[in-house]
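# Structural overview
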Amino acid sequence: MKIAHLPSSFFPTVGGAEISVYNIAEEQTTSNHDVTLILYPRSYRYFKKNKIKCAFKILGFLPLTRLFYYIISNLGLNANFIIEYQIKRLQGKNSFDVWHFSLLDPLSLIAIDTLKSFDVKIIASFRGSDIQIIDEINYGQRLEKKYENALLKTLPNIDEYTAISESVIEEYHKLNIKKNRITLIPNGIDFERFNSFKKDIGVFKNIFSYNKQKIILTVGRNHPKKGFNNIEQIINSLKKIRKDFIWLLVGEGSDEIVNNIIDSENLNYLKSYSLNQTQKATTLYPQDELIKIYKSCDVFVFPTLIETLGNVQIEAMAARVPVVSSNVPGCKNIIDNNNNGFLCNPFDYKDFAITIDKILSNPKLIKLITENALNKITDLDMNNISKKYIDVYRKK
């Protein structure tokens, strides 16, 4: 099967959506499908510059495609031809059987409308800001009337929809998408890679002064929806209970959270870290270094405000680390409270602190929770997930 993947965002931006698309394309290629990743210029240049080796093929849009599109659009003119021409050319030259769109944006919608004139299957995987909305922090493309109208116009041109969680399915239902066109396929995990690493406290000695503290880990890029600004409030509650901890925040922009600390005493507890530059241009995601960090921490905490799934939760569970997350869409679809993890109100800082302390003080609880978590995600092996997508592509 000839498969084209077109994500609106890709490396060097690294998030759950980007990692998922990469891993799906790799797995499908190793399963003898002819897979091509179609990238916008920034991502295409990144792959070429870093000479990243991957199993799938890579094709790129013409240079400055996005720039010219938005310049012309902002002048009040119709710039759709910029995308239409390139999509027609790509399909005409490659004769793809399937186009799989992930994390959609206005350009994705134009591409889908263009492809409807071809005999090709169109799959859409909405993954976050393209489908969800939080008015309070101005989160979500659908808050823009132009995007919302274009989305509603394009929906009938999509053959099948996949959802990484029940939260996404709920959004699909609000858009009156028929149930028989929706398939639940969570993000996958390469269990073999995770199991190849062991706990190694030495990984922290290069990041901060380690002295047998309990390590609380949070992973993700700094974005208002992630709730990282609330970490200091949780620390304020937790340090009243215990002081033997370091909270490590790993991800792009994490240093901004530390730099904006209000109480300077909390600098003793909160540390930030960006993954080594030498490991960013890798063909393995998540990076080896990050898996080592997961494996070596004591508890994973995710104080997010909204998710479609929260890939980092699954990664932590695969690393056999107890997870404390916010009781919000996405998180509660994977975490069964007090069974395979814990859920707290994102603004109940005291509850977060009490829950973290309960975990750190009870090894038997950790063993129970992590075993249940592993059982929960066993069927999320990348090979199984890839096969599920192929089934959707072949669906009549």
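Residues numbered from 1 in each chain as written. Predicted model: local features only at pLDDT ≥ 70, side-chain atom pairs only at ≥ 80, totals over all residues. Heavy atoms only, no water.

### Regarding the overall build of the chain
On a plain count of helices and strands, the chain comes out with 16 helices and 13 strands. Taken against the 2.2 N^0.38 rule, which gives 21 Å for 396 residues, the C-alpha radius of gyration of the chain at 21 Å falls within 12% of a compact globule. Principal-axis analysis of the C-alpha atoms gives the chain an extent of 65 × 45 × 45 Å. The burial tally for the chain puts 57% of its 396 residues in the buried class. In the chain, the proportion of contacts linking residues at least 24 apart, taken out of those at least 6 apart, comes to 65%. Per element, the accessible surface of the chain, about 17,700 Å² overall, is 49% carbon and sulfur. Positive and negative charge centroids in the chain, built from 52 and 42 side chains respectively, lie 3 Å apart. (Helix = DSSP H or I, 4+ residues; strand = E, 2+ residues; numbered from the N terminus. Rg over C-alpha atoms; globule rule 2.2 N^0.38 Å. Buried < 20%, exposed > 50% of the residue type's maximum accessible area, 1.4 Å probe, protein only. Contact = heavy atoms within 4.5 Å. Areas by Shrake-Rupley, 256 points an atom, 1.4 Å probe, with all protein chains shown as cover. Lys, Arg positive; Asp, Glu negative; His and termini not counted. Charge placed at Lys NZ, Arg CZ, Asp CG, Glu CD.)

### With respect to the sheet that holds strand β12 (residues 323-326)
Pairing within the open sheet is parallel, and its six strands lie in the order β10-β9-β8-β11-β12-β13. Edge positions in the sheet fall to β10 (270-273) and β13 (342-344), since each has one partner strand and no second. Neighbour-to-neighbour, the strand axes of this sheet turn through a mean angle of 25 degrees, independent of strand direction. Against the sheet, helix α13 (residues 311-318) touches β8 (214-219), β11 (299-302) and β12, its axis set at about 170 degrees to β11. (Pairing = 2+ DSSP bridges. Axes fitted to C-alpha atoms, helices over the stretch in contact; angles between N-to-C directions.)

### A short note on the packing of aromatic side chains
Applying the stated rule across the entire model yields 19 aromatic pairs. Seen in terms of ring centroids, Phe10 and Phe47 are 5.8 Å apart; in terms of plane orientation they differ by 25 degrees. Their pairing is stacked. Pair noted here: Phe10 is in the loop between β1 (2-7) and α1 (16-30) and Phe47 is in helix α2 (residues 41-49), with a separation of 37 residues, a long-range link. Across this residue pair, the class does not change: Phe10 and Phe47 are buried. Ring geometry for Tyr294 and Phe300: centres 6.0 Å apart, planes at 45 degrees, overall tilted. Each member of the pair Tyr294 and Phe300 is classed as buried. Positioned above the aromatic ring of Phe96 is the side chain of Lys2, whose terminal nitrogen or guanidinium carbon lies 5.9 Å from the ring centre. The ring of Tyr40 has Arg66 sitting right over it, with the charged end atom 3.9 Å from the ring centre. (Phe/Tyr/Trp six-rings, centres within 6.5 Å; stacked < 30°, edge-to-face > 60°. Lys NZ or Arg CZ within 6 Å of the ring centre and 35° of its normal.)

### Section: the nonpolar core
Grouped together as the largest cluster of nonpolar side chains are 106 residues, with contacts concentrated most on Trp99, Phe126, Tyr294 and Phe300. Phe228, Leu249, Leu270 and Phe342 belong to the second largest nonpolar core, which has 26 residues in total. (Core = buried A, V, L, I, M, F, W, Y, C linked by side-chain atoms within 4.5 Å.)

### Notes on a nonpolar patch on the surface
Taken together, the side chains of Leu64, Leu67, Phe68, Ile71, Leu75 and Leu77 make up a nonpolar region of the molecular surface, amounting to roughly 590 Å² of accessible area. Looking at the element boundaries, Leu64 is found in the loop between β3 (57-60) and α3 (65-74). Classification of Leu64 as partly exposed rests on a relative accessible area of 44%. (Patch = residues over 30% accessible without salt bridge, like charges linked within 9 Å, V, L, I, M, F, W, Y side chains within 5 Å. Salt bridge = Lys/Arg side-chain N within 4 Å of Asp/Glu carboxyl O.)

### Some points on the pairing of β3
For strand β2 (residues 34-39) and β3, the ladder comprises four bridges, and the chain directions are parallel. Each bridged residue has a counterpart across the sheet, and for Ile38 the counterpart in β3 is Leu59. Running through α2, the crossover from β2 to the neighbouring parallel element β3 is right-handed. (Right-handed = clockwise from strand over helix to strand, strands pointing away.)

### Thoughts on the packing of α3 against helix α5 (residues 106-115)
Packing of α3 against α5 brings their axes to within 12 Å, and their N-to-C directions diverge by 95 degrees. In terms of their interaxial angle, α3 and α5 are classed as roughly perpendicular. Of the residues in α5, those touching α3 at Arg66, Tyr69 and Tyr70 are Pro106, Leu107 and Ile110. (Parallel < 35°, antiparallel > 145°, perpendicular 65-115°, else oblique.)

### Brief notes about the pattern of salt bridges
Considering all chains together, one arrives at 17 salt bridges under this definition. A salt bridge links Asp113 to Lys153, with the nearest nitrogen and oxygen atoms 3.2 Å apart. Taken together, the positions of Asp113 in helix α5 and Lys153 in helix α6 (residues 145-154) put the pair 40 residues apart, joining distant regions of the chain. The partly exposed category is assigned to Asp113, whose relative accessible area is 24%. Judged by relative accessible area, Lys153 falls into the exposed class, the value being 56%. Its salt-bridge partner being Glu371, residue Lys367 comes within 2.7 Å of it at the nearest N-O pair. Placement of both Lys367 and Glu371 in helix α15 (residues 363-377) is noted, with a separation of four residues, approximately one turn of the helix. Salt bridges sharing partners connect three or more residues here, namely Arg142, Glu148, Glu171 and Lys174.

### Regarding the sheet that holds strand β7 (residues 182-184)
With respect to topology, seven strands assemble into an open sheet ordered β3-β2-β1-β4-β5-β6-β7, the strand pairing being parallel. A strand with exactly one partner marks an edge of an open sheet, and here the two such strands are β3 and β7. Each neighbouring strand pair of the sheet contributes to a mean axis angle of 25 degrees, computed without reference to strand direction. Inspection of the sheet shows strand β4 (residues 98-102) paired to strand β5 (residues 121-125) by five bridges, in the parallel sense. The partner of Trp99 across the bridge, within β5, is Ile122.

### Some remarks on helix α4 (residues 80-94)
Because an α-helix completes one turn every 3.6 residues, residues spaced three or four positions apart along the sequence face the same direction. Helix length check: α4 (15 residues) gives 21 Å between terminal C-alpha atoms against 21 Å at 1.5 Å per residue, within 8%. Listed in full, the buried residues belonging to α4 are Ile82, Ile83, Gln86, Ile87, Leu90, Gln91 and Asn94. Taken around the axis of α4, the buried residues stretch over an arc of 140 degrees, which confines them to a single face. Exposed positions of α4 whose direction lies more than 90 degrees from the buried face are Tyr85, Gly92 and Lys93. Those residues of α4 hidden inside the fold are in contact with β1, β2, β3, α3, β4 and α5. Among the residues trailing α4, Ser95 stands out with phi positive, at a value near 50 degrees. (Expected span 1.5 Å × (residues − 1). Arc of directions from axis to C-beta.)

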